[in-house]
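Commentary on secondary and tertiary structure
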Amino acid sequence: MLTRRRFLQLAGSAALAGAAGLGYGGLLERSWVDVEERTFRLQRLAERLSGLRIAQLSDIHLSRFTAVEQLIAAVSRVNELQPDIVVFTGDYVGHEPRFAAGLIEPLRMLEPPAYAVYGNHDLWTDREAVGAALAETPVTLLVNQSREAAPGLIIAGLDDAWSGHPRPQLALAGSPVDYTRLLLCHEPDYFDTIRRENLPVALQLSGHSHGGQVRLPTTRPDGKGLATRAPLLPHMATKYPIGHYHVRNYQLYTNRGLGVWPLPFRFNCRPEITLLTLRPA
């Protein structure tokens, strides 16, 4: 029989567990950045590019939830990792243009060459403000454009796929046929468009989903072996929300993001810096 005393004990325990969970997700985990090291084997990658390392940051979301100091710490960590190239896959602000200026000081600290694309929040907030801030840094913003990042390697970047006008054919136009092409696109589910149009992309790098930001334990692991699931995912991040995907000759990596939005909370989904190493297949 459940006595009143026992009920109050159980209720108190549940309340303490809930408070501990909120404290962990709201204070500890969302600032506990994970460096995720991955090796990608790419077909026809030039031998001279074997071992090239790329650091990826995404979904910084500077706002009242993510301070400039957190970005400075992340950039310092990236510099310590000594990648050859850094890429940013969008969403630099939450929803207030004034926070875009907070990009300037941290991104000026970057030591390797860096490339970036817009995300949906950048367009919803103020494309011009975000672009102007990035222009004050060494980061090269790519909007349906590409650059030779290293001999034999092209990095192409798309306009935001949800709210912009992505033109992958334009972004990839003119690149030498024997070069490896990496594509930056904020929304991971645009991967299906790249595959459907049979575009020459070896690897797409995306963000947008935050990995779900909150991932709940499950007794049925998904096809990736994860024993957690995200109950809520944004538009254009429901099919490829987290980690590495390999479909025939195409590969995609979805970064979990650095910041948080719309709530200052993460659970079973730490913020991420990805360190990718390229190897020939």
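Computed from a predicted structure; not experimentally measured. (Residues numbered from 1 in each chain as written. Predicted model: local features only at pLDDT ≥ 70, side-chain atom pairs only at ≥ 80, totals over all residues. Heavy atoms only, no water.)

Next up on the list: helix α4 (residues 120-135). Under the 1.5 Å per step criterion, the end-to-end length of α4 is only 19 Å for 16 residues, more than 12% shorter than the ideal 22 Å. The largest bend along α4 measures about 115° and falls at D126. All buried positions along α4 are accounted for by N120, H121, D122, L123, T125, V130, G131, A133 and L134. Buried positions along α4 lie against α3 (104-108) and β5 (140-141). (Helix = DSSP H or I, 4+ residues; strand = E, 2+ residues; numbered from the N terminus. Expected span 1.5 Å × (residues − 1). Bend = angle between axes of the 7 residues up to and from the residue. Buried < 20%, exposed > 50% of the residue type's maximum accessible area, 1.4 Å probe, protein only. Contact = heavy atoms within 4.5 Å.)

Where strand β6 (residues 145-150) and strand β7 (residues 153-157) come together, five bridges link them in antiparallel fashion. Across the sheet, the residue bridging to R147 is I155, located in β7. (Pairing = 2+ DSSP bridges.)

Here we come to the confidence of the model for the protein. Note: predicted coordinates in regions of low pLDDT should not be interpreted at a detailed level. Mean pLDDT over the protein stands at 92; residues scoring 70 or higher make up 90%. Per-residue pLDDT stays below 50 along residues 4-23; that stretch engages in six contacts with residues further than four places along the chain or on separate chains. (pLDDT = per-residue confidence, 0-100.)

Pairs can form between side chains of opposite charge once their charged atoms are near each other. The full count for this structure, using the stated rule, is ten salt bridges. In this structure, the salt-bridge partner of D192 is R195, at a minimum N-O distance of 2.9 Å. With a gap of three residues between them, D192 and R195 both fall in helix α6 (residues 191-196), about one helical turn apart. The burial state of D192 is the same as that of R195; both residues are buried. Here D192 ties to K239 by a salt bridge, and the two come within 3.0 Å at their closest N and O atoms. Pair noted here: D192 is in helix α6 and K239 is in the loop between β11 (228-229) and β12 (243-247), with a separation of 47 residues, a long-range link. Taken together, the salt bridges that share partners define one network made up of D34, E36, R38, R256 and E272. (Salt bridge = Lys/Arg side-chain N within 4 Å of Asp/Glu carboxyl O.)

This brings us to the state of the cysteines. With the rule as written, the count across this model stands at zero disulfides. In this structure C269 is not part of a disulfide, and its nearest cysteine sulfur, from C185, lies 19 Å away. We classify C269 as buried; its relative accessible area is 1%. (Disulfide = S-S within 2.5 Å.)

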